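Structural overview
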Amino acid sequence: MTKTPLHDFDITHIWEDYRPTRLIGLPSLAKLTGVARVFAKLESERPLGNFKLLGGMVAGLWALARAAGVSTPLKLRLRPKRARLLPKLVCASDGNHGLAVAAAARWAGTTATIHLPVSVSRFRVDRIRSLGGAVVTVDGSYDDAVRQAAAAAADGQGILVSDTTTDLNDIVVADVMRGYSIITRELAIQLDEARVRPSHLFVQAGVGGLAAAMAEGLHMRMRPPGRILVVEPERAACVARGLEAGQPVSLTGDLETVAEMLSCGTASAPALAILQRHHAQSVVVTDDQLRFAVDALRRADGPETTASGAAGLAGFLKAAADAQLHALHGLDSSSDVLLVVTEGPD
């Protein structure tokens, strides 16, 4: 079956009260860091409180549409009652992707099983269960959960809806990143209205999907030096390692970080390829810098968020305060910096 292009299925149509998340200016941060302007896209305002809804739900619904043999996910609810039951969905998550996949399953009338590392908070577990998702706790890291979810799907327990893969042509992971492109579609309008072309994008990464989607969608709207900076915790800097090596590298050791949603040990191959094509560079931050960024955003009249949600800001603050990084990344008094606040507070 030929897949309908994503633009023929607009996930925003399933939300009666849909509105773009805000793009706000943070003038006090611009003054503090010596740049012209700082803007933040508030994905904390997205339904379910984070950007993952756009990727996990889009990919989950497309996977079910392909399984049902319908041309668009919108037709899943129009299937006759006599049609066979939809398959279940399966995924691994640190919390937010699993919440989005559970939401997709619920909307379509099926169920999802979410494999979560044992470190995931009770709050995030309960949110997934509130949407009807079954939770399997994995005694290990996010990467262990990824392997266990893939094994469950291979065993016939459901369709795998992953946000990471070693396969450059994985259709589900491509759907996840296309879902994230809704953010850049909204930004295209908002940046035009603000009459700004960002010179720098500081965006956080777990496996790299959001950063790749942002790079792909915004590179033509950026002005020189057009820097795309991927920000990660130092203990889970898998995209940094992948960019350095030119291919995904699996990290060893402790991946624990205060930025729980970014605790990933291997970059997604398709995301890494996109980031390489757009000459993305890496900024690695400490847990103390991540905590500081949460407070800095609050003091700048930004939204409440987590260390994961403020990671892009942590990277920007590090680069702005370090003379070597400041010069390396071309930051100066004319720079317009774009950040993404990826989630609300726990």
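Scope of this entry: the structure provided in the associated data block. (Residues numbered from 1 in each chain as written. Predicted model: local features only at pLDDT ≥ 70, side-chain atom pairs only at ≥ 80, totals over all residues. Heavy atoms only, no water.)

**Section: unusual backbone geometry**
Where we set the bar: Per the convention used, a helix needs a DSSP run of H or I reaching at least four residues, while a strand needs a run of E reaching at least two, with both numbered from the N terminus. Here the term buried applies to any residue with accessible area under 20% of the maximum for its type, exposed to any over 50%, and partly exposed to those in between, with areas from a 1.4 Å probe on protein chains only.
In this model, P224 is joined to P225 through a cis peptide bond whose omega is 5°. The phi angle at D301 is positive, at roughly 65°, despite the residue not being glycine. Within the secondary structure, D301 sits in the loop between helix 10 (287–299) and helix 11 (311–321). Relative accessible area serves as the criterion here: at 69%, D301 is assigned to the exposed category.

**Quick word on the sheet that holds strand 3 (residues 89–92)**
Sheet strands pair via backbone hydrogen bonds, and the direction of the pair is either parallel or antiparallel. Under the convention used in this document: Strands qualify as paired when DSSP identifies two bridges or more between them. Only heavy atoms matter for contacts: two residues are in contact if any of them lie within 4.5 Å across the pair. Fitted lines through C-alpha atoms give the axes, limited to the stretch in contact for helices. The angle between two N-to-C directions lies from 0 to 180 degrees.
Taken together, the 4 strands give an open sheet; going across it, the order is 5-4-3-6, and neighbouring strands pair in parallel fashion. Two strands in the sheet have a free side with no partner beyond their single neighbour: strand 5 (134–138) and strand 6 (159–160). Both strand 4 (residues 112–117) and strand 5 contribute to a ladder of 5 bridges, which runs parallel. Each residue of the ladder has a partner; that of L116, found in strand 5, is T137. Strands strand 3 and strand 4 of the sheet are contacted by helix 3 (residues 96–108), whose axis makes an angle of about 175° with strand 3.

**A look at the packing of aromatic side chains**
Heads up, the condition is: In summary, the pairing rule links any two rings of Phe, Tyr or Trp, Trp by its six-membered ring, whose centres are within 6.5 Å, and it sorts them by plane angle into stacked for under 30 degrees, edge-to-face for over 60 and tilted for everything else.
Applying the stated criterion across every chain yields a total of 2 aromatic pairs. Consider the rings of F202 and F316, whose centres lie 5.3 Å apart with planes at 50°: the pair is tilted. Note that F202 is positioned in strand 7 (residues 200–204) and F316 in helix 11, a separation of 114 residues in sequence. What makes F316 buried here is its relative accessible area of 0%.

**Overview of the nonpolar core**
One broad rule of soluble globular proteins: the nonpolar side chains tend to lie buried together. Threshold: What makes a nonpolar core is a set of buried Ala, Val, Leu, Ile, Met, Phe, Trp, Tyr and Cys residues whose side-chain atoms join them at distances within 4.5 Å.
Residues M57, M214, V239 and L275 are the most contacted members of the largest nonpolar core, which totals 77 residues. Tallying contributions element by element places helix 2 (residues 52–68) first for this core, with 10 residues. If you look at the next biggest cluster of nonpolar residues, it comprises 35 residues, including A296, A319, A320 and V337.

**Section: helix 3**
Convention followed: One less than the residue count of a helix, multiplied by 1.5 Å, gives the span that helix is expected to have.
Compared with an ideal rise of 1.5 Å per residue, which puts 13 residues at 18 Å, helix 3 spans 19 Å between its outermost C-alpha atoms and is within 8% of the ideal. Counting buried residues in helix 3 gives 12 out of 13 residues, a clear majority hidden from the surface. Of all the residues in helix 3, the buried ones are N96, H97, G98, L99, A100, V101, A102, A103, A104, A105, W107 and A108. Those residues of helix 3 hidden inside the fold are in contact with helix 2, strand 3, strand 4, helix 4 (122–130) and helix 6 (171–194). Following helix 3 by one or two positions, G109 adopts a phi angle in the positive range, close to 95°.

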